[in-house]
Amino acid sequence: MAQLTSSRSAQWSSRWMFIFAATASAVGLGNIWKFPYITGENGGSAFVLVYLLCITLIGLPILISEVLIGRRGGRNPIDSTRIVALESHRSRHWQLLGALGLITSFFLLSYYALIAGWAGHYTFGSLLGMFKGLNAQQIDETFEQFLADPLQLIFWQSLFMLITFLVVSRGIKAGLEKTIRVLVPGLFLILVLLVGYSMTLPGFLPAMDFLFKPDFKTLTSQSVLVALGHAFFTLSIATASMLIYGAYLSKEASIGRTTVAIAILDTLTALLAGIAIFPLVFSYGLEPGQGPTLVFKTLPIAFANMPGGHIIGGLFFLLIVLAALGSAISMIEPLVSWLMQRGSFKRISATALSCFSVWFVGLGSVLSFNVWKHITIISNWTIYQTIDNLVSIILLPLGGFLLAFFAGWIMTQSATHDELNMKYNWIYYLWRFLIRFITPIGVFIITYRLIADLVS
Ligand code: TRP
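Looking at empty space enclosed by the protein
Here's step 1: If you walk through the whole model with that rule in mind, you get 4 cavities of 30 Å³ or more.
Here's step 2: Ser25, Leu108, Tyr112, Phe233 and Ser236 are the residues nearest the centre of the largest cavity, which is lined by 18 residues in total.
Here's step 3: Secondary structure elements with two or more residues in the lining of the largest cavity: α1 (15-26), α2 (29-41), α5 (95-127), α10 (221-234) and α14 (309-342).
Here's step 4: Residues that form the lining of the largest cavity fall into these classes: 8 nonpolar, 10 polar and no charged.
Here's step 5: Within this model, the second largest cavity holds a volume of roughly 60 Å³.
Here's step 6: Glu66, Leu97, Leu100, Gly101, Ala238, Thr239, Ala240, Leu243, Gly399 and Leu403 together form the lining of the second largest cavity.
Here's step 7: Where the lining of the second largest cavity is concerned, the elements lending two or more residues are α5 and α16 (383-410).
Here's step 8: With 3 residues, the top contributor of residues to the lining of the second largest cavity is α5.
Here's step 9: Classifying every residue of the lining of the second largest cavity by side-chain character gives 6 nonpolar, 3 polar and 1 charged.

Laid out in structure tokens, this is it:
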């Protein structure tokens, strides 16, 4: 094929390495903060059941498709989507699907790094005893003052981007794999420690009730939509991250089994995070439904008032930083691989250029919390809100829909059948049915709801 100017990418050293890397990508703020909170709000275990169903029927089939396209192409996201489309005698313009993923991860990382930076600041702040003895109002003020200081925010955002650069510039084996080998066990270790601590608190049983006691009365049609949207976000679909990680997966590994492992590990961390967080909330009489401020304003109140709270708090924020780092690596890698293969950049310069550009665009979000607070882009959204909404309302659902469409209707059945190489044929046909009919409808409903919410 004349289009193949680049050769296949390097590979993960094992199937487990891929599972770890993809899990590190999937586990993020979505698991540690959002999942516990929406679970509590939407009926506990009844919601968990619906969420598991959404992961299985919508999330998993798209995850499988993304890894499948990546491995079939074996290159950077743009080349891979083009090669796979051409193989099925379809238009080369399908490479725009790869480009869409690159653009999405670029903008997502620009503000993800900012929030990771907040957690970095809070890790050190906690360990140094910054919150000791403060009351709720003082903790609130501490956070607001921090947001109002552009230099501090830039410092932490830059530090996080620098660490991401250091990891990714060393390449797949010496950078990504080495880091992920420490990061994933580290994440689980911290989680287990925090869960162990929370089990000793008086709020443990009420928290378990809150999280797991089935209450179908609080389960509304709205809850189902929340579960659907979250199933989509939490698996890191549609940002080309899983596409590039799939390209590094060996041909022998089973895509079905590895992706199921990723979905299980991702869900497990989300549940463990809930079991770690809510006993704190209930033991200190705090409000569980605080939304975005739960992590930075509510939990520090508990840390400020408990014995050894600076250590527990420090560990908790470190957990968030590590989770965000695993995600950040996977958001920059698609762009780096593209620059290397198509722009003939060396890895170090490709990473430097990518990280610098993301950092630079991210400054807009940083400043929109202080000096550019009053500048609005669309309706009354600040720069940060505009980019966040652009990503989560338009780019992610669009990417998910197109991935499903591509795998279900553009690729030939023989290509997907061959690449998935499922042990049982009926599983293949189940996947194909889901991806052609059920998944696109699911994604359409999420998008419709997001836009309807926005307009109302
Ligand atoms: N899954 C991540 C979380 O739960 C967020 C996320 C969405 C992501 N898309 C991504 C992370 C792409 C890395 C790459 O927080």
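Text resumes after the structure shown.
Quick word on the layout of surface pockets
Here's step 1: Taken as a whole, the second largest pocket encloses approximately 380 Å³ of empty space.
Here's step 2: Taken together, 23 residues form the lining of the second largest pocket, with Ile64, Gly256, Arg257, Met422 and Ile427 sitting closest to its centre.
Here's step 3: Contributing elements (two or more residues each) for the lining of the second largest pocket: α3 (45-73), α12 (255-283), α17 (413-420) and α18 (425-455).
Here's step 4: Here the lining of the second largest pocket gets 5 residues from one element, more than from any other, and that element is α3.
Here's step 5: Along the lines of polarity and charge, the residues of the lining of the second largest pocket split into 13 nonpolar, 4 polar and 6 charged.

Brief notes about the site of the ligand
Here's step 1: Taken together, 16 residues sit near the ligand, with Ala26, Gly30, Tyr112, Ser236 and Thr239 positioned nearest.
Here's step 2: Phe233 is positioned with one of its backbone polar atoms (N or O) 3.1 Å from a nitrogen atom of the ligand.
Here's step 3: Between a nitrogen atom of the ligand and a main-chain N or O atom of Thr234, the distance comes to 3.1 Å.
Here's step 4: Within the complex, the protein chains bury 100% of what would otherwise be the 360 Å² of accessible surface of the ligand.

A short note on the environment of Trp12
Here's step 1: Here Trp12 lies in the segment before α1.
Here's step 2: Overall, Trp12 belongs to the buried group, its relative accessible area being 5%.
Here's step 3: Each C-alpha atom, one on Trp12 and one on Thr104, is 24 Å from the other, the two residues being 92 residues apart in sequence.
Here's step 4: Sequence-distant contacts of Trp12, defined by excluding residues within four places in its chain, comprise Met17, Phe18, Ala21, Ile172, Leu176, Glu177, Tyr245, Tyr248 and Leu249.

Focus: the packing of α3 against α12
Here's step 1: Packing of α3 against α12 brings their axes to within 9 Å, and their N-to-C directions diverge by 135°. The pairing of α3 with α12 is recorded here as oblique in orientation. When the axes of α3 and α12 are compared, the crossing they make is right-handed. Touching Val48, Tyr51, Leu52, Ile55, Leu60, Leu63, Ile64, Val67, Leu68 and Arg71 of α3 are Ile255, Thr259, Val260, Ile262, Ala263, Asp266, Thr267 and Leu271, all from α12.
Here's step 2: Grouping the constituent residues of the contact of α3 with α12 by class yields 14 nonpolar, 2 polar and 2 charged.

Quick notes on the pattern of salt bridges
Any two side chains of opposite charge can pair, given that their charged atoms come close.
Here's step 1: Taken as a whole, this structure holds 11 salt bridges when the rule is applied.
Here's step 2: Note that Arg72 and Glu87 form a salt bridge whose closest N and O atoms lie 2.6 Å from each other. One end of the pair, Arg72, is in helix α3; the other, Glu87, is in helix α4 (residues 77-87), and 15 residues separate them in sequence.
Here's step 3: On the basis of relative accessibility, which here comes to 31%, the residue Glu87 falls in the partly exposed class.
Here's step 4: Linking Glu144 and Lys297 is a salt bridge whose minimum nitrogen-to-oxygen distance equals 2.8 Å. Residue Glu144 is located in helix α6 (residues 136-147), and its partner Lys297 is located in helix α13 (residues 294-305); the two are separated by 153 residues in the primary sequence.
Here's step 5: With relative accessibility at 38%, the residue Glu144 sits in the partly exposed group.
Here's step 6: Looking at Lys297, the relative accessible area reads 15%, which means it is buried.
Here's step 7: Here the salt bridges do not stand alone but share partners, grouping Arg71, Arg72, Glu87, Lys251, Asp418 and Glu419 into one network.

Side note on the nonpolar core
Here's step 1: Trp12, Trp118, Phe296, Phe316, Phe317 and Phe406 are the most contacted members of the largest nonpolar core, which has 161 residues in total.
Here's step 2: Those residues within four positions of Phe296 in sequence are excluded, and the remaining contacts are Ile115, Trp118, Ala119, Tyr122, Ile139, Phe143 and Phe317.

Brief notes about the packing of aromatic side chains
Here's step 1: Enumeration over the complete set of coordinates arrives at 34 aromatic pairs.
Here's step 2: Centre to centre, the rings of Trp94 and Phe406 are 5.2 Å apart; their planes meet at 55°, and the pair counts as tilted. Pair noted here: Trp94 is in the loop between α4 and α5 and Phe406 is in helix α16, with a separation of 312 residues, a long-range link.
Here's step 3: With a relative accessible area of 0%, Phe406 lands in the buried category.
Here's step 4: For the pair Phe369 and Tyr384, a centre-to-centre distance of 5.0 Å together with 45° between the ring planes defines the contact as tilted. In this pair, Phe369 sits in the loop between α15 (347-367) and α16 while Tyr384 sits in helix α16, placing the two residues 15 residues apart along the sequence. Residues Phe369 and Tyr384 agree in their burial class; the two are buried.
Here's step 5: One aromatic cluster is present, built from ring pairs that chain together Tyr111, Trp118, Tyr122, Phe131, Phe143, Phe146, Phe296, Phe303, Phe316, Phe317, Phe369 and Tyr384.
Here's step 6: Directly above the aromatic system of Trp409 lies the positively charged group of Arg436, at a separation of 3.8 Å from the ring centroid.

The rules behind these values
Within every chain, residues take consecutive numbers counted from 1 along the sequence as written. Only residues with pLDDT of at least 70 are given local features in this predicted model, and only at 80 or more are side-chain atom pairs given and counted; all residues enter the totals for whole chains, interfaces and linings. No hydrogens and no water enter the side-chain calculation; it runs on all heavy atoms of the structure. Think of a 1 Å grid over the protein atoms and nothing else: a 1.4 Å probe that fits but is trapped marks a cavity, an open set flanked by protein within 12 Å on at least five of seven lines marks a pocket, and residues with an atom within 4 Å of a point count as lining. Grid points are joined across faces, edges and corners, and a volume is the space filled by probe spheres set on the points. The way it works is that DSSP assigns letters per residue, a run of H or I at least four long becomes a helix, a run of E at least two long becomes a strand, and they are numbered from the N terminus. Just so you know the grouping, Ala, Val, Leu, Ile, Met, Phe, Trp, Tyr, Cys and Pro go in nonpolar, Asp, Glu, Lys and Arg go in charged, and all remaining residues, Gly too, go in polar. It suffices for a single heavy atom of a residue to lie within 4 Å of a molecule or strand for the residue to be listed as near it. Counting of polar contacts relies on pairs of N or O atoms within 3.5 Å, with two restrictions inside protein: one atom must be capable of donating a hydrogen and the other of accepting it, and residues adjacent in sequence are counted only when both atoms are side-chain atoms. All accessible areas in this document rest on Shrake-Rupley with a 1.4 Å probe, and a residue is counted as covered only by the protein chains that are shown. Throughout this description, buried means an accessible area under 20% of the type-specific maximum (1.4 Å probe, protein chains only), exposed means over 50%, and partly exposed covers the range between. Pairs of residues are marked as contacts when any of their non-hydrogen atoms sit within 4.5 Å. What counts as an axis is a line fitted to C-alpha atoms, over the stretch in contact for a helix, and the angles between N-to-C directions run from 0 to 180 degrees. Throughout, the term roughly parallel applies to angles under 35 degrees, roughly antiparallel to angles over 145, roughly perpendicular to angles from 65 to 115, and oblique to all others. In a left-handed crossing the near helix is turned counterclockwise from the far helix by less than a right angle, and in a right-handed crossing that turn is clockwise. The salt bridge definition used is simple: a Lys or Arg side-chain nitrogen within 4 Å of an Asp or Glu carboxyl oxygen. Here, nonpolar core refers to any group of buried Ala, Val, Leu, Ile, Met, Phe, Trp, Tyr and Cys residues whose side-chain atoms link them within 4.5 Å. Note on aromatic pairs: the rings of Phe, Tyr and Trp (six-membered ring only in Trp) are paired at centre separations within 6.5 Å, and the planes decide the class, stacked below 30 degrees, edge-to-face beyond 60, tilted for the rest. Working rule: Lys NZ or Arg CZ, within 6 Å of ring centre, within 35 degrees of ring normal, means a charge sits over the ring.

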